[in-house]
Each structure stands twice: as structure tokens, then as C-alpha cells.
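# Structural description and commentary
Here is what each chain is made of, one letter per residue.
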Amino acid sequence: MDRHVYLDHAATTFVKKEVLDEMLPYFAEKYGNASSLHRDGREARAAIDRARSRTAGAIGARDEEIIFTSGGTESDNLAIKGVAEAYEQKGRHIITTKIEHDAVLNTCEYLEKKGFEVTYLPVDEYGLVSPETLEKAIRSDTILISVMFANNEIGTLEPIDKIGEIARAKNIIFHTDAVQAVGSVPIDVEKMKIDMLSLSAHKIYGPKGTGALYVKKGIKLSPQSHGGAHESKRRAGTENVPGIVGLGKAIELAGANIGGYAERLRAMREKLIRGIQENVSDVRLNGHPEKRLPGNANFSFEFIEGEALLLLLDMAGISSSTGSACTSGSFKPSHVLSAIGLPAEIAQGSVRFTFGDANKEGDADYCIEQIIKIVQRLRAMSPLFAQEKGMRKNV
Ligand SMILES: *Cc1c(COP(=O)(O)O)cnc(C)c1O
């Protein structure tokens, strides 16, 4: 009865054994500082170089275009602030979207306080950015466009190649937060005309606290930490060698089987969607029906609080996630669900399930079975549901 089904791969993933095995020697035996000139230093340097090649190779970049960071958040900060500072003579206007991760949104808000102007593009009911709307938002002083590759809450895949096309034609730097897309969707920065790309190891079966930023050759970037000459003077600080080694291995493994991985996840995810839609009333699937990450399903269950569902699912051994946080009794719906036009009371009933390699055959079935039971139970207690369905006999 202590079954555990992890359906929160968009939050983080376990570290694969092959990844951990490659990392371990760099903690205690091969502990050199990659800046040192002796054999210990050279050993660490060689490990970082190998990881850099693997990371670059996975996205079609060149080795020298990869900067290792402490994760997706730092990569987003470095990309946006780094370009803003380096290009402010040219202009102070940035374009992004309303559905970005907080690492992008809060960085943009910070820059607004520093005198930059930011346009937050709307999205349609599926969470898609319109390339036409984006093109119209471009001004003569626009220096950066930042649009995420795939949304972390609803899984929507943005029209990245079209956006890359527009940005390149207008000679504006294009950054994409691809933290959720790497490993699930093939990415080629050359073909997609991406100038900067953020990625993170712990979303692809690597360690937490390590990520990378791809910066196309020729783009200026103001460093956001100052110190030694690490990472071609763009990110000071002694390199996290075990973490970087782990990222290199994780991204290599991911790249070797994107198709098979996506297929496996899609099959489990589709089963869950079908099971829920066929057995639960008053439920909607958020995000685009096809243009979405293979492992992502995000539902809004009407007449239910997402947090209550999450907690009861947790008791049944299922780990899921909700975008809406209940703070002192007042609900603040997720900015993503608000942006796709969900009314607050429906957004409140939203839960995200994200499949990955921790899942096996039968997990979707177990999840369907538990959701049906719990939703029934919660709705039986909901006065709103009773009223709506005309089941309240004494009224
Ligand atoms: C997880 C995530 C991040 C943050 O990455 P960290 O490595 O956890 O800092 C940024 N963007 C998206 C879309 C994410 O899903």
C-alpha cells in the first residue's frame, strides 16, 4: 500500500546512475581546480572540456559558445541582464511573454526598475505566442526578445523557429529558456536561429545546481559576477566540476534517445488524458492539444481546489503539482493560467502531472483510478458542485 508514483518531472528529476557514476570521482579523487596548471588541474579542465563538447553537441552549438552556470535561473539572469547592460546604448526595450518562468519575468521586472521598458506579449487560449503580434511589438530600440521554448506549467511549445526567423531578420538578439524542452524536443540553435539558450541539468536526470547558457559567437554579454577569468571571463567562480560532468553526461544520454523518450512519455500521458476525460466530468485540459511537451498534462477540475486534490493524491502516493498557491485563504492563480484566460475559480482547481523516466507501465492507470475517487469525494463535499448539479434537495 505504499505505492509511489512520481508525476512531477517538470519540477525536477532523479539523477541517472550513469550520470552519478561519472560525477563521483570528481568529488574525492579527481578534485583539482580546473584553473591550476598541474596534472590535477588539467584533469579537471579536461573533464569540463568534455562536458562542454557534449552540451554544445546536444543543441548544435560550438564548444566556445557554452557557459556553465548554477542552473536555469542563473542562465536566464545572465542572458537577460548581460545583454541589457551590454546593449543599453543601442536601446532599452525588451520583448518577452506573460507566461515565462519567474526567472525571466522577475529579471525583466528588475530591469524595468532600472529604466528598461519591457513588453509582455499575451498568449492565446492554448498558451501560444503569435509571431505576428511579436513582430508588431518590435521597435527601433528593441535589443532583446526572450520567449520560452516550452512552458513549464501547461507544456505548450512555442513557435520558436518562426520567432527566430523574425528576430534574425530584424537583427535583434533572441534568447529562449529551453529548460523544459531540452531532452524532450530536438533543438538546433543554428537552424532555429536562436542566439541564446538556457538549460538546466536537474530537469534532464542530472544534478541540481548546474546549468548552461549558450551564447552565439559575436554576442556581447556583461558578466553578472566578477572575479577570475573563468568561462571566458563571462562567469567568474571556480567551476563546479562534478556538476558540470553530470550535466555533460545527462545531456549526452538525453540526446541519444529523444525520440524514444518522447514516445514513451506521450503514450503514458495520452492514457492519463483519455482516462480523465472519459471518467471525470467538468474537467478541461490546459495547454495545446498537440503542440505540447510529451510528458505534460495539466487539468482544471471544476468545483475543486487543486491543493486539496494534490494533498489527497500525495496521501495515495502520487506526487503532482499545482500552480495556484493558497496564501492565507486568498488564492493567487498562476500567471500562466491567468494568461490563457482561465477565470480564477477554475484556475484554482488545476493540477499538473508530468511524466518521465521515474514512471512505468501502470502508473497512468493508478493515477486515473485515484483521481476519479478523490474528485468524487471532494465534489461530494462541495456545496457549489451540489448547487450546480441541482443535487441539493433542500433548496
Ligand atoms: C526549472 C526551470 C527553471 C529554473 O531552473 P533551475 O535550474 O531550477 O534554476 C527555469 N525555467 C524553466 C522553464 C524551468 O522549468
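Residues numbered from 1 in each chain as written. Predicted model: local features only at pLDDT ≥ 70, side-chain atom pairs only at ≥ 80, totals over all residues. Heavy atoms only, no water.

## Side note on the overall build of the chain
Counting its regular elements, the chain contains 15 helices and 14 strands. For the chain, whose C-alpha radius of gyration is 22 Å, the value lies close to the compact-globule estimate of 21 Å for 395 residues. With the principal axes as the frame, the chain shows a C-alpha extent of 80 × 50 × 40 Å. Expressed as a percentage of the 395 residues in the chain, the buried residues total 57%. A fraction of 73% describes how many contacts in the chain between residues 6 or more apart in sequence connect residues 24 or more apart. Surface exposure of the chain reaches about 17,500 Å², of which carbon and sulfur atoms provide 51%. Across the chain, 50 positive and 53 negative side-chain charges occur, with their mean positions spaced 2 Å apart. (Helix = DSSP H or I, 4+ residues; strand = E, 2+ residues; numbered from the N terminus. Rg over C-alpha atoms; globule rule 2.2 N^0.38 Å. Buried < 20%, exposed > 50% of the residue type's maximum accessible area, 1.4 Å probe, protein only. Contact = heavy atoms within 4.5 Å. Areas by Shrake-Rupley, 256 points an atom, 1.4 Å probe, with all protein chains shown as cover. Lys, Arg positive; Asp, Glu negative; His and termini not counted. Charge placed at Lys NZ, Arg CZ, Asp CG, Glu CD.)

## Here we look at empty space enclosed by the protein
Here the structure, examined in full by the defined rule, presents one cavity of 30 Å³ or more. In this model, the largest cavity occupies a volume close to 30 Å³. Contributing to the lining of the largest cavity are Glu-22, Ala-47, Arg-50, Ala-51, Arg-54 and Val-245. When residues in the lining of the largest cavity are grouped by element, the largest group, four residues, is from helix H3 (residues 39–59). Residues of the lining of the largest cavity, tallied by class, amount to three nonpolar, no polar and three charged. (1 Å grid on protein atoms, 1.4 Å probe; cavity = no way out; pocket = protein on both sides within 12 Å on 5 of 7 lines; lining within 4 Å. Points joined across faces, edges and corners; volume = space filled by probe spheres on them. Nonpolar A, V, L, I, M, F, W, Y, C, P; charged D, E, K, R; others polar.)

## Digging into the site of the ligand
Lining the immediate surroundings of the ligand are 13 residues, of which Thr-73, Asp-177, Gln-180, Ser-200 and Lys-203 lie closest. Measuring from an oxygen atom of the ligand, one finds a backbone N or O atom of Gly-72 at 2.8 Å. Among the elements that line the shell around the ligand, the one with the most residues is helix H4 (residues 72–86), at three residues. Each residue belonging to the shell around the ligand can be placed in one class, and the counts come to two nonpolar, eight polar and three charged. (Near = heavy atom within 4 Å. Polar contact = N/O pair within 3.5 Å; in protein donor to acceptor, adjacent residues only side chain to side chain.)

## Regarding the pattern of salt bridges
For the structure shown, the criterion picks out 25 salt bridges. Lys-16 is paired through a salt bridge with Asp-357; the nearest N and O atoms lie 3.2 Å apart. In this pair, Lys-16 sits in the loop between strand S1 (5–6) and helix H1 (17–23) while Asp-357 sits in the loop between strand S14 (350–354) and helix H14 (363–380), placing the two residues 341 residues apart along the sequence. For Asp-357, a relative accessible area of 22% translates into the label partly exposed. For the salt bridge of Glu-270 with Arg-269, the shortest nitrogen-to-oxygen distance reads 2.9 Å. Given a relative accessible area of 29%, Glu-270 falls into the partly exposed group. Among the ionic contacts, a cluster of salt bridges with common partners joins Glu-22, Arg-54, Lys-249 and Glu-252. (Salt bridge = Lys/Arg side-chain N within 4 Å of Asp/Glu carboxyl O.)

## Points about the sheet that holds S14
Pairing is antiparallel in the open sheet, where three strands are placed in the order S9-S10-S14. This sheet does not close on itself; its edge strands, each paired only once, are strand S9 (283–286) and S14. Neighbour-to-neighbour, the strand axes of this sheet turn through a mean angle of 25°, independent of strand direction. The pairing of S9 with strand S10 (residues 296–301) spans four bridges and is classified as antiparallel. By the bridge assignment, Asn-286 is partnered in S10 with Asn-298. The sheet strands contacting helix H10 (residues 258–279) are S9, S10 and S14, and the helix crosses S10 at an angle near 15°. (Pairing = 2+ DSSP bridges. Axes fitted to C-alpha atoms, helices over the stretch in contact; angles between N-to-C directions.)

## With respect to unusual backbone geometry
Not every positive phi belongs to a glycine, and Asn-171 is a case in point at roughly 60°. Mapping Asn-171 onto the fold places it in the loop between helix H7 (160–169) and strand S6 (173–177). Asn-171 sits in the exposed class, given a relative accessible area of 59%. Here Lys-233, not a glycine, exhibits a phi torsion of approximately 65°, which is positive. Within the secondary structure, Lys-233 sits in helix H8 (residues 230–233). Classification of Lys-233 as exposed rests on a relative accessible area of 63%.

## Digging into the domain arrangement of the chain
Where interface size is quoted, it is often the accessible area lost as the parts come together. Taken domain by domain, the chain holds domain 1 (5–13 + 258–394) and domain 2 (17–256). On a C-alpha basis, the centres of domain 1 and domain 2 stand 30 Å from each other. In this complex, domain 1 contributes 29 residues to the contact, which on the side of domain 2 involves 34 residues. In total, about 2,500 Å² of surface goes out of reach between domain 1 and domain 2, with carbon and sulfur atoms giving 57% of it. The three residues of domain 1 that bury the most area against domain 2 are Thr-13, Ile-258 and Leu-293, which together make up 28% of that side's buried surface. (Domains from an automatic or database assignment. Buried area = accessible area lost by both parts, 1.4 Å probe.)

## Some thoughts on the packing of helix H11 (residues 306–315) against H14
One way to put it is that H11 packs onto H14 with a least axis distance of 10 Å and a crossing angle of 130°. Between H11 and H14, the crossing angle belongs to the class labelled oblique. In terms of crossing hand, the pair formed by H11 and H14 is right-handed. Seen from H11, the contacting residues are Ala-308, Leu-309, Leu-312 and Leu-313; seen from H14, they are Gln-370, Ile-371, Ile-374, Val-375, Arg-377 and Leu-378. Of the residues belonging to the contact of H11 with H14, the class tally is eight nonpolar, one polar and one charged. (Parallel < 35°, antiparallel > 145°, perpendicular 65-115°, else oblique. Left-handed = near helix turned anticlockwise from the far one by under 90°.)

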